[in-house]
Amino acid sequence: MSRYDGAVKDDDRLKFRFDCGATWLNLLATRGRTFGAHPVERIATPERLEEWLTRSELLPAAPPDEDDVRRAQELRETLRPLALAVVAGERPPADAAAALTRFLDSTPDPLRVVVTDRLRREPPPTASAALARIARQAADALTGPERHALAVCPEADCRGVFADPTGRRRWCPSPACASRGRVRAHRERRRTAG
């Protein structure tokens, strides 16, 4: 493999995922292979966080800084155990629920809509306000009827949470997880048949 091929592969690993079904679920996907030996951090710098917020239509008026990166990662890792517990039908960790409540209380962000070419929310003034909007979306989804449409990827290193309103998906939207799962199932069928 050439050095170029490795760089392309690394670039692919760092690509943002916007296919999980909601902004808060896409935030969970900013850390790939979370449960594997080599997790992939996709929002490691203020510039990467700004890019992710822009693509999520949450670009704040003030650019994110290192503290905002830390808060985004903290919110993500607060939401992850809550989401996994909700999907599994287990009691959510009290410390994560308390951390989410503190996060929600820390940044007031009143909802204001404006009419431009379409109906829009006023942009968040700061990255913290943008993250507060994501935290509210997650809290609503984890406590409301949307929780019944959540699923977890069965790949041990992924365990990504995604929206599956039809209940028919087996893996998360990542092609890599589905491919690995299918290859493993094929090998198991061949092993048991032979």
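I will try to describe carefully the structure that is included in this document.

So, how was this worked out
- Residues numbered from 1 in each chain as written.
- Predicted model: local features only at pLDDT ≥ 70, side-chain atom pairs only at ≥ 80, totals over all residues.
- Heavy atoms only, no water.
- Helix = DSSP H or I, 4+ residues; strand = E, 2+ residues; numbered from the N terminus.
- Contact = heavy atoms within 4.5 Å.
- Areas by Shrake-Rupley, 256 points an atom, 1.4 Å probe, with all protein chains shown as cover.
- Lys, Arg positive; Asp, Glu negative; His and termini not counted.
- Charge placed at Lys NZ, Arg CZ, Asp CG, Glu CD.
- Patch = residues over 30% accessible without salt bridge, like charges linked within 9 Å, V, L, I, M, F, W, Y side chains within 5 Å.
- Salt bridge = Lys/Arg side-chain N within 4 Å of Asp/Glu carboxyl O.
- Buried < 20%, exposed > 50% of the residue type's maximum accessible area, 1.4 Å probe, protein only.
- Expected span 1.5 Å × (residues − 1).
- Polar contact = N/O pair within 3.5 Å; in protein donor to acceptor, adjacent residues only side chain to side chain.

**Quick word on the overall build of the protein**
Point 1. Scanning the protein from terminus to terminus reveals seven helices and six strands.
Point 2. Secondary structure elements of the protein occur, N-terminal to C-terminal, as α-α-β-β-α-α-α-β-β-α-β-β-α.
Point 3. By principal-axis analysis of the C-alpha atoms, the protein measures approximately 65 × 45 × 35 Å.
Point 4. Sequence separation of at least 24 residues holds for 57% of the intrachain contacts in the protein that already meet a minimum separation of 6.
Point 5. When the accessible area of the protein is evaluated, it comes to approximately 11500 Å², of which 52% is carbon and sulfur surface.
Point 6. Separation of charge centres in the protein, based on 34 positive and 28 negative side chains, amounts to 8 Å.

**Quick word on a negative patch on the surface**
Point 1. A cluster of acidic side chains, namely Glu-47, Asp-65, Glu-66 and Asp-67, defines a negative patch on the protein surface.
Point 2. With respect to the element layout, Glu-47 can be found in helix α3 (residues 46-55).
Point 3. Using a relative accessible area of 55% as the deciding quantity, one classes Glu-47 as exposed.

**Some thoughts on the environment of Pro-124**
Point 1. Along the polypeptide, Pro-124 turns up in the loop between β4 (119-121) and α6 (127-143).
Point 2. Taking the C-alpha atoms as reference, Pro-124 lies 7.0 Å from Leu-59; in sequence the two are 65 residues apart.
Point 3. Excluding residues that lie within four positions of it along the chain, Pro-124 makes contacts with Leu-58, Leu-59, Pro-60, Ala-61, Ala-129, Ala-130 and Arg-133.

**Brief notes about α6**
Point 1. Taking 1.5 Å per residue, 17 residues should reach 24 Å; α6 reaches 24 Å between its end C-alpha atoms and fits that length.
Point 2. Buried residues dominate α6, accounting for 13 of its 17 residues.

**Here's the deal with helix α4 (residues 66-88)**
Point 1. Taking 1.5 Å of rise per residue, the 23 residues of α4 would be expected to cover 33 Å, and the 34 Å separating its terminal C-alpha atoms lies within 8% of that figure.
Point 2. The backbone nitrogen of Asp-67 lies 3.0 Å from a side-chain oxygen of the residue at the head of α4, namely Asp-65.
Point 3. The positive-phi residue at the C-terminal boundary of α4 is Gly-89, with phi of around 75 degrees.

**A few points about the pattern of salt bridges**
Where charged atoms from two side chains of opposite charge approach closely, those side chains can pair.
Point 1. Taken as a whole, this structure holds twelve salt bridges when the rule is applied.
Point 2. In this structure, the salt-bridge partner of Asp-157 is Arg-33, at a minimum N-O distance of 3.6 Å. With Asp-157 in the loop between β5 (150-152) and β6 (161-163) and Arg-33 in the loop between β1 (31-32) and β2 (40-41), this residue pair connects regions lying 124 residues apart in the sequence.
Point 3. Taking the shortest distance from any N to any O, the salt bridge between Arg-118 and Glu-57 comes out at 3.0 Å. In this pair, Arg-118 is assigned in the loop between β3 (113-115) and β4 and Glu-57 in the loop between α3 and α4, connecting sequence segments 61 residues apart.
Point 4. With a relative accessible area of 38%, Arg-118 lands in the partly exposed category.
Point 5. Residues joined in a network through salt bridges with shared partners are Arg-31, Glu-41, Arg-76, Glu-77 and Arg-80.

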